[in-house]
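Residue-level structural notes
One-letter residues, chain by chain:
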Amino acid sequence: MSEVYQKLKKILSEKFVSNDLYMRHAYSRNVDPVLQGITEYVVRPKDAKEISEILKVANGENIPVIPRGAGCCEFGGSKPIGDGGIVLDMKRMENIINLDEENLLVTVEAGISWSKLNEYLSQFGLYTGCMGPGSGLTASVGGGISHHSVGGGGCAKYGACTNQLVSLEVVLPTGEIIETGSQANKFSKFPFNRFGNGPDLASLFCGDNGCFGVKTKVTLQVFPRPPYANYKTFLLPRKSVETSAKIFTEIRQKGVDVYDAIYIMDLLVSVGCQYGLFPLWDNLKRKRGVFFYVIEANSEVELEEKTKQLDNILLSNKAEELGPEIADGNFAKWHYCQQGHYLFAHNLWGVVPGFEPLDAECHTPINFYPGILKDLDQWDMEHSEDMKKILDITGLRPITGSGPIILVDGNNVELTCGFTSFASYVNGKNYDIIREINLKLWKSILERVTKHGVQWYMMGAMMSRLMVEIGAYPKEYYDFLKKIKKTLDPKFILSRGKFNF
Ligand SMILES: Cc1cc2nc3c(=O)[nH]c(=O)nc-3n(C[C@H](O)[C@H](O)[C@H](O)COP(=O)(O)OP(=O)(O)OC[C@H]3O[C@@H](n4cnc5c(N)ncnc54)[C@H](O)[C@@H]3O)c2cc1C
């Protein structure tokens, strides 16, 4: 056994350190198709102290460390870049430390999943507001904070999960442990406020994609779940992209208090129905774009008023309401009442064996996305030769378009666009050919979307490096970012290689 292995074993006990080949490969993958290298060690720490010791060993030996929650990053963020290094699996740290019902705060270990946390909170009539990402059945709170995640429900009202952040416990890349916000005053009794005691240092670690520190403890605001809710699903007129953007804009301009508002484009509805993704809509005669909303209220009168406001907007845009029950195609009801907000995304990823979503998931102002989607049609045509090569091998042509488009805070949407290709193992042959084409096309679509001026929030290895490579960061900004990284992490131990650090 190597000296490093012996040192890690001393910190964690043998059971929670592995350099087994199978484990190393399993922890060198995310949901994207790019194998960037194989880690040398996998460790599963139980607390901040162990992580601190691991980071000290890594600094001493100059070995990179990659924090990993559930490994759901779509851009290769939680696996090594290049061979070697230590993957730090946070999933053992999944305890609820404290629920403060009086002050509406919950403190958890960073490896807990959004679904476990919200299931626990539901016993008290509470929830996290933004329910984390669509991957929340497994995705961790620490991963969500590292990405500014949105999408698992509630983000039209509450925005990204980082909006609800109160305080973090973070192990810095050199091993020191700090707490942010109100905890920067050592006389504070418990974390209760994010802002103050100097600059908002929690923000430094929000959306850092695991580069600036390892989050070990997270305190979030929690909210009482309102007792009344309504959920409706509408079929939009043909070619509904522009109409959907108009509806989102009207919702914001009229100041309607909506919990979720989501649009699913025509192409996804028809292809999704074909592959069994939307059994609720099997009987729909016209497979067109769908728009649904969820509203919450504290009284029947309030609920009725908000429903009227939203229905007016939808009906004046010629939307057709589907029936009230799930069996009538009311996706919104399934989404809100049956954890559809998580199930939907999990189903989407597994819909066809070998299906490979090459995502360009980003935030844009509402009025940008129709133009971006039009440009993606153009991009698809420009790349028809490569698409045909994949068709010839797999029997299926990749599809360019968008997944659900979700209203988030401000006048923004989360635009899950990109193309779905097929994995390189689809026929056990042609591995390298498909992988190479996929990668080339993926980089090309990401660059194209970046040039629309979008905001990336989950960057991983792929997007953080591409931003540097295509010169999207202004020099002064990038230099500043690198200076912060170097100050915190002089040997670039944590997530080495991201942002080309
Ligand atoms: C089916 C599916 C649906 C998805 N839906 C959405 C969606 O709706 N919205 C959305 O935003 N994303 C979505 N994603 C992407 C992804 O799941 C989320 O961004 C999620 O928040 C990642 O959490 P995770 O625990 O899997 O993190 P990981 O993928 O393990 O890690 C994410 C990043 O955070 C870092 N990291 C993880 N934990 C820590 C920690 N404790 N301290 C420091 N750094 C850490 C990692 O190094 C990595 O850079 C989806 C992915 C899938 C597969």
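Read on for an overview of the structure. Everything numeric here is computed off the predicted structure, so don't read it as measured data. (Residues numbered from 1 in each chain as written. Predicted model: local features only at pLDDT ≥ 70, side-chain atom pairs only at ≥ 80, totals over all residues. Heavy atoms only, no water.)

Turning to the overall build of the protein, a few remarks are in order. The helix and strand inventory of the protein stands at 17 helices and 19 strands. What you see for the protein is a C-alpha radius of gyration of 23 Å, in line with the 23 Å of a compact globule of 501 residues. With the C-alpha coordinates aligned to their principal axes, the bounding extent of the protein is approximately 65 × 60 × 45 Å. The long-range share in the protein, meaning contacts at least 24 apart out of those at least 6 apart in sequence, stands at 71%. Summed over its atoms, the accessible surface of the protein is roughly 20900 Å², and 52% of this surface lies on carbon and sulfur atoms. Measuring between centres, the 55 positive side-chain charges of the protein sit 3 Å from its 58 negative side-chain charges. (Helix = DSSP H or I, 4+ residues; strand = E, 2+ residues; numbered from the N terminus. Rg over C-alpha atoms; globule rule 2.2 N^0.38 Å. Contact = heavy atoms within 4.5 Å. Areas by Shrake-Rupley, 256 points an atom, 1.4 Å probe, with all protein chains shown as cover. Lys, Arg positive; Asp, Glu negative; His and termini not counted. Charge placed at Lys NZ, Arg CZ, Asp CG, Glu CD.)

Below, the discussion takes up the side chain of Thr162. Tracing the backbone shows Thr162 in the loop between α6 (155–158) and β8 (165–171). Accessibility expressed as a relative area gives 6% for Thr162, which makes it buried. There is a polar contact of 2.8 Å between the side chain of Thr162 and the side chain of His148. Those residues in contact with Thr162, other than ones at most four positions away along the chain, are Ile145, His148, Arg194 and Cys206. (Buried < 20%, exposed > 50% of the residue type's maximum accessible area, 1.4 Å probe, protein only. Polar contact = N/O pair within 3.5 Å; in protein donor to acceptor, adjacent residues only side chain to side chain.)

Turning our attention to the pattern of salt bridges. Considering all chains together, one arrives at 32 salt bridges under this definition. Notably, a salt bridge pairs Glu3 with Lys7, separated by 3.8 Å at the nearest N-O pair. Taken as a pair, Glu3 and Lys7 lie in helix α1 (residues 3–12) at a separation of four residues, close to a single helical turn. The class for Lys7 is partly exposed, based on a relative accessible area of 32%. For Asp392, the salt bridge identified is with Lys388, shortest N-O distance 3.0 Å. Placement of the pair is Asp392 and Lys388 together in helix α14 (residues 384–394), with a separation of four residues, close to one helical turn. A single salt-bridge network, built from bridges that share partners, covers Lys157, Asp257, Glu302 and Lys306. (Salt bridge = Lys/Arg side-chain N within 4 Å of Asp/Glu carboxyl O.)

Packing of α1 against helix α3 (residues 48–61) leaves a shortest axis separation of 9 Å and a crossing angle of 165°. One way to sum up the angle between α1 and α3 is to call them roughly antiparallel. α1 and α3 meet at a crossing whose hand is right-handed. Contacts between α1 and α3 involve Glu3, Val4, Lys7, Leu8, Ile11 and Leu12 from the first element and Glu50, Glu53, Ile54, Val57 and Glu61 from the second. (Axes fitted to C-alpha atoms, helices over the stretch in contact; angles between N-to-C directions. Parallel < 35°, antiparallel > 145°, perpendicular 65-115°, else oblique. Left-handed = near helix turned anticlockwise from the far one by under 90°.)

A few words on the nonpolar core. Side chains of nonpolar character tend, in soluble globular proteins, to be buried together. Judged by nonpolar contacts, the single largest core of 149 residues is most densely connected at Phe248, Ile251, Ile264, Trp281, Tyr369 and Trp456. The element that contributes the greatest number of residues to this core is strand β14 (residues 290–297), accounting for seven residues. (Core = buried A, V, L, I, M, F, W, Y, C linked by side-chain atoms within 4.5 Å.)

Attention now goes to the site of the ligand. Lining the immediate environment of the ligand, one finds 38 residues, of which Pro67, Gly69, Ser135, His147 and Val150 sit closest. A distance of 2.8 Å separates an oxygen atom of the ligand from a polar backbone atom of Cys73. In this structure, a nitrogen atom belonging to the ligand sits 3.3 Å away from a side-chain N or O atom of Glu414. For the ligand, whose accessible area on its own is 950 Å², the fraction buried by protein is 97%. (Near = heavy atom within 4 Å.)

Looking now at the sheet that holds strand β17 (residues 399–407). Taken together, the eight strands give an open sheet; going across it, the order is β15-β12-β14-β13-β17-β18-β16-β19, and neighbouring strands pair in antiparallel fashion. Pairing within the sheet leaves two strands with one partner each, and these edge strands are β15 (320–321) and β19 (455–456). As judged from the 11 bridges shared by strand β16 (residues 355–365) and strand β18 (residues 412–422), these two strands associate in the antiparallel manner. Bridge assignment links Cys362 to a residue of β18, and that residue is Leu415. Running over the sheet, helix α10 (residues 300–316) touches β12 (228–235) and β14 and is turned about 160° from β14. (Pairing = 2+ DSSP bridges.)

Let us now look at the sheet that holds strand β2 (residues 41–43). Overall, mixed pairing links the four strands, which are arranged β1-β2-β4-β3 in an open sheet. With one partner strand each, in any of the chains shown, β1 (17–18) and β3 (65–68) form the two edges of the open sheet. Of the pairings in the sheet, the one linking β3 to strand β4 (residues 86–89) comprises four bridges and is parallel in character. When the bridges of β4 are listed, Ile66 appears paired with Val87. Strands β2, β3 and β4 of the sheet are contacted by α3, whose axis makes an angle of about 170° with β4.

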